[in-house]
Amino acid sequence: NSKQYSRSYYTFAQASGIGGLLRQKILIDELPIAVEHDQINLVYQPLYRVNDQQIIGFESLSRWHHPTLGNVSPVEFIKICEDTGFNIEFDLYVLGKVCRQVVMWRQQFTQVPPIAVNFSVRTCESNGLANAVAQVLQQTRCPRHAINIEITETAEVIHQDDFFRNIDELKALGIELAVDDFGTGYSSLGLLQALASRVNKIKIDRDLIRNIETVPLNKVLFKLALEMAQTLNISALAEGIENETQLQLLKQYHCEYAQGYFLHKPVDSQQIERLLENSCAKH
Ligand code: C2E
Ligand code: MG
Ligand code: MG
Ligand code: MG
């Protein structure tokens, strides 16, 4: 009947995002403007060593507060970056901000652990990436070991040759790399191996951690990821630790590093400065 038809049509319209098209258009048009006006804010989430719960690094995460739409999730605007080809400019913009921040912190505090920057997979496929990164480091006078780069594990790598050449060039610059969201990218084992053998760290996705206490398969996959890291002699970090039980499991399985709301939420630079003040001697 027609009533039912119209309801399902409505559902179809919603699901296919007809209503969302306007939102998308606004975001596509205005993200570059937000970058131009430096309106993207960074928050930082501490990364911990499981053993002694010392902070070993921070991950920078972008935040966009749109004047009328409110907070837009990075998942949404990073997708837009990739779809519109704005990703390189965006990632280099964030890199510049992080470099300037870490240089400032290194002037203020004696021990500032490295800050990780997320690069989109598309960015890692683009020609001349390492040169562009080297230029940002030089312009901001940021030492190469003061930053790390995180690259999501994904089957979406289209230009594998370019991708791996760029990764090798970044490595050659002396920048430490991590595979992000490990275990959820549906990469082939070959691609996974090629990627994992080039990086310093794998970050095991929180999807594998989330139900680790209750879902046996997650436990198996998690242990497999740890074993792979050990075999390749790289370190492993578990993402999304949300409770004490999960943290205890990491200890039991000898997972070296962890990150998650239970340990520390992402916070603004001022709150990071308080952490640095307490944990690191001041100049
Ligand atoms: P990611 O790189 O895997 O970052 C970790 C995400 O998990 C962050 O979400 C963080 O807030 C969240 N998280 C941390 N601990 C927990 C926890 O215990 N439980 C749960 N449920 N979540 C936790 P966020 O900030 O929303 O970022 C989402 C994704 O967007 C990031 O995932 C990253 O892929 C991307 N992203 C964020 N900022 C940037 C950026 O500046 N550049 C690029 N290229 N990508 C970015
Ligand atoms: Mg990340
Ligand atoms: Mg991640
Ligand atoms: Mg993620």
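Reading the values: rules and limits
- Residues numbered from 1 in each chain as written.
- Chains lettered and ligands numbered in written order.
- Predicted model: local features only at pLDDT ≥ 70, side-chain atom pairs only at ≥ 80, totals over all residues.
- Heavy atoms only, no water.
- Disulfide = S-S within 2.5 Å.
- Donors = N, O, S within 2.8 Å, 3.2 Å for Na, K, Ca; no water.
- Helix = DSSP H or I, 4+ residues; strand = E, 2+ residues; numbered from the N terminus.
- Buried < 20%, exposed > 50% of the residue type's maximum accessible area, 1.4 Å probe, protein only.
- Contact = heavy atoms within 4.5 Å.
- Pairing = 2+ DSSP bridges.
- Right-handed = clockwise from strand over helix to strand, strands pointing away.
- Salt bridge = Lys/Arg side-chain N within 4 Å of Asp/Glu carboxyl O.

> Explain the state of the cysteines to me, please; I cannot follow it from the model alone.
Each disulfide consists of a covalent bond between the sulfur atoms of two cysteine residues. One pass over the full model with this rule turns up 0 disulfides. Just so you know, C81 is unpaired, no disulfide at all, and the nearest cysteine sulfur is the one on C124, 14 Å from it.

> For this particular structure, what's the right way to read the coordination of the magnesium ion (ligand 4)?
Reference geometry at the metal: tetrahedral coordination by four donors gives ideal angles of 109.5 degrees; octahedral coordination by six donors gives 90 or 180 degrees. Coordination of the magnesium ion (ligand 4) by the protein involves D181 (OD) and D181 (OD), with metal-donor separations of 2.7 Å. A distance of 5.9 Å spans the gap from the magnesium ion (ligand 4) to the magnesium ion (ligand 2). Among the secondary structure elements, D181 is positioned in strand β6 (residues 176-182).

> How should I be thinking about the environment of T123 in this particular structure?
Tracing the backbone through its elements, the reader meets T123 in helix α5 (residues 121-124). By relative accessible area, which is 0% here, T123 ends up buried. Put simply, T123 and G85 are 38 residues apart on the chain and 8.9 Å apart in space, counted from C-alpha to C-alpha. Filtering out sequence-adjacent residues up to four positions away, T123 remains in contact with N87, I88, D91 and L129.

> Help me understand the pairing of β6 in this model?
For a regular strand, side-chain orientation follows a simple rule: the groups alternate between the two sheet faces. Among the 7 residues of β6, 5 are classified as buried, and the element is accordingly described as predominantly covered. Bridge count between strand β5 (residues 147-152) and β6: 5 bridges; the pairing is parallel. In the strand pairing of β6, T152 is matched with D180. Chirality of the crossover, the property in question, places the unit of β5, helix α7 (residues 160-172) and β6 among those that are right-handed. Where β6 and strand β7 (residues 201-204) come together, 3 bridges link them in parallel fashion. Within β7, the residue paired with F182 across the bridge is I204. Between the parallel elements β6 and β7, the chain passes through helix α8 (residues 189-196) in a crossover that is right-handed.

> Could you clarify how one ought to interpret the coordination of the magnesium ion (ligand 2) in this entry?
Protein coordination at the magnesium ion (ligand 2) comes from E59 (OE), N118 (OD1), E150 (OE) and D180 (OD), with a distance range of 2.0 to 2.2 Å. Donor residues for the magnesium ion (ligand 2), ordered by position in the chain, follow E-x58-N-x31-E-x29-D. Between the magnesium ion (ligand 2) and the magnesium ion (ligand 3), the interatomic distance is 4.0 Å, and D180 donates to each metal, bridging them. One end of the pair, E150, is in strand β5; the other, D180, is in strand β6, and 30 residues separate them in sequence. Classification of E150 by relative accessible area gives buried; the value is 2%. What makes D180 buried here is its relative accessible area of 4%.

> What is the right way to read the pattern of salt bridges from this model?
Side chains that differ in sign of charge can pair as their charged atoms come close. Considering all chains together, one arrives at 11 salt bridges under this definition. The salt bridge involving D29 is made with K25; its shortest N-O contact spans 2.6 Å. Of this pair, D29 and K25 both sit in helix α2 (residues 20-36), separated by 4 residues, roughly a single helical turn. Salt-bridge contacts for R49 lead to D52; the nearest nitrogen and oxygen are separated by 2.7 Å. Connected through shared salt-bridge partners, E59, E150 and K203 make up one network.

Bear in mind that shape data such as this cannot, by itself, settle questions of function.
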